[in-house]
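# Tertiary structure, described
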Amino acid sequence: MCGIIGYTGQMDALKVLLNGLEQLEYRGYDSAGVALLSSGHDRLLIKKAGPVATLKESCAELKVESHCGIGHTRWATHGGVNDINAHPHIAGRVTLIHNGIIENYHNLIERFGFQDSLVSETDTEVAARLFDYYYEGNPREAIKKTIRELTGAYAFCIMFEDIPDEIFCIRNVSPMVAAHIEGSSFVASDVTALIPYTNRYFVIPEYELVILKKDDIILEDLDGNRKEPEFLEVSWNLEAAKKNGFPHYMLKEIHEQPEALRNTILPRLENGLPDFTEDRIPDSLFSGCDKIAIVACGTAMYAGMVGKALMEPLLKIPVSVNIASEYRYESPLVDERTLVIVISQSGETIDTLAALRLSKELGAKVLSIVNVKGSTIARESDHVFYTHAGPEIAVASTKAYMVQLASLYLIACRMAMARGVYQETDAAAFVSRLLEAVPAVEKILAKKDRIKTAASILAKAQDAFFVGRGLDYAFSLEGSLKLKEISYIHAEAYAAGELKHGTIALIEKQTPVIAVATQDHIYGKTLSNVREVRARGAFVILITKKDAEVPEDICDIHFAIPASSDQFTVFPVAVILQLLAYYTSDMKGLNVDKPRNLAKSVTVE
Ligand code: F6R
């Protein structure tokens, strides 16, 4: 939800900002802008509706030598997509960029009489006006007074006209990290923009001020007491954040899944058994609960659905899956005997963060499964299980989903051990079947071209239906989300047995139905449901295990996954569904990595 970057130092600021915005563009791509303010030069502002490439074109002819500036790529919330609403915003002596939402901006406009001075429709400009209103030559005082007035989430980078070469940063909820190398200081929404310069960074603590100077970076509390930043290191390099010859990030990330699985699973095995000593996750967390509540959004929530389908029959305790944005408004039945598992790739999704905070208030222990190190959700959880997917740049999540699943499988296995459901031999057998997921995924990738034919059918469709039973239904939910978000085809997933209770009315000649039938004990039942849609003319794409008996006339296209036991079929099936969505979107000529209306990190409610 908006990408922000700030730089001051010896390098060409415009170059640093534009490069950074390209890295951050996955966070929002409605419009982009930069403002430069270094000593000896007038303040300069350029902002344009459209992607960062449009901004870059507008900057191409600029002959400026500037060493300090801020840049922004927007995901519109308040105010339409146009040049005026794009950031940075200027108000008097203040120039700023913002990620977040100022909820009380209407009230502030009235209280401070800003009605006639605003030029945009944004909440951000109101904040800029307020900073300027309170600015009397002391930026610390102006920031302190302004944020006292603000309700909502924000990460601000502010430049004051009479203090060139310095950037002031403050945040509440919305993410922001900072770094310093000799002669340069940086701030950004996330570390991907800083990787070309350093892998050492710190997360700016909420309500603390960071001042970027060429030769120093200062962290202090709002009373002006200097503090030591807690530095973190990124374990991946710049190559990991590039496309490396793939036409899209999404395809690259789909191919990175075997490695991501290995990186997530192998370091947690000790003598073939799950061991979370390094993660500092004690067995008492697993043995001391009566129920599990999984909370997440979107794809991460669908990983949770698979987790539920796996854990409930295995552990024989209730497992609920909760949509984070609903959870806090439905009085969840969560207490100190509940283990809350929060799942988030970014670790910054605000709905998920709010659900985490509520769970803790209710007395539950929170274990989070998070990909981004040091993110807010990771820091606020009682325990963190980091996934090691590396940076996920494509807006549609693929490899993060895969490792969220692997994490849930490892947790389920360790929990079964801690609760006496599994003896060591059972757990070892479970782990070895989990490890078979890696070659199974590789096999699907090796034959990926076969999936293009099915995609060419889907590309012509208006609607598509995904059906499955049990675990297959849980996988189908994610398959349908993937297809709709990047191909704009209306897609829904249904429990296969539920079709005849209404949805089958939508099946017409050639309506694509993707049927997932990998669960042995309900295979026959699922095939009966497939016959029902086929009898009504559906175009059936069927996914089964390799060794399943597939009647000749039951489908139009058949994909077989390597033989494996029922609990583990999600891994290869997920790759087929991801590739189906990918090729369909690509064949339609759409922007696969940056689908319309979306952004990678959802930091607004
Ligand atoms: C879909 C997708 C989203 C995210 C959701 C949660 O492909 O990526 O549905 O899964 O916005 O994001 P995180 O996992 O960052 O909390």
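Look above for the structure.
One structure accompanies this document, and this report is about it. (Residues numbered from 1 in each chain as written. Predicted model: local features only at pLDDT ≥ 70, side-chain atom pairs only at ≥ 80, totals over all residues. Heavy atoms only, no water.)

### Regarding the overall build of the protein chain
When its secondary structure is counted, the protein chain shows 19 helices and 27 strands. Residues counted as buried form 60% of the 605 residues belonging to the protein chain. Of the roughly 23000 Å² of accessible surface on the protein chain, 48% is carried by carbon and sulfur atoms. Each charge class in the protein chain can be summarised by its mean position, and for the 62 positive and 79 negative side chains these summaries are 4 Å apart. (Helix = DSSP H or I, 4+ residues; strand = E, 2+ residues; numbered from the N terminus. Buried < 20%, exposed > 50% of the residue type's maximum accessible area, 1.4 Å probe, protein only. Areas by Shrake-Rupley, 256 points an atom, 1.4 Å probe, with all protein chains shown as cover. Lys, Arg positive; Asp, Glu negative; His and termini not counted. Charge placed at Lys NZ, Arg CZ, Asp CG, Glu CD.)

### Quick word on unusual backbone geometry
The amide bond that connects His87 to the next residue, Pro88, takes the cis arrangement and shows omega of -5°. Residue placement: Pro88 occurs in the loop between β4 (68-74) and β5 (89-91). Phi angles above zero are rare outside glycine, and Arg280 is one such case at about 55°. Note on placement: Arg280 falls in the loop between β17 (273-274) and α8 (284-287). By relative accessible area, which is 72% here, Arg280 ends up exposed. The backbone of Lys316 sits at a positive phi, close to 60°, despite the residue not being glycine.

### Let's talk about the pairing of strand β23 (residues 463-468)
Where burial is concerned, most of β23 is hidden: five out of the six residues are buried. In the sheet, β23 pairs with strand β24 (residues 490-495) via six bridges, with the strands oriented parallel. Of the residues in β24, the one forming a bridge with Phe465 is Glu492. The pairing of β23 with strand β25 (residues 512-517) spans four bridges and is parallel. The residue of β25 that forms the bridge with Phe466 is Ile514. (Pairing = 2+ DSSP bridges.)

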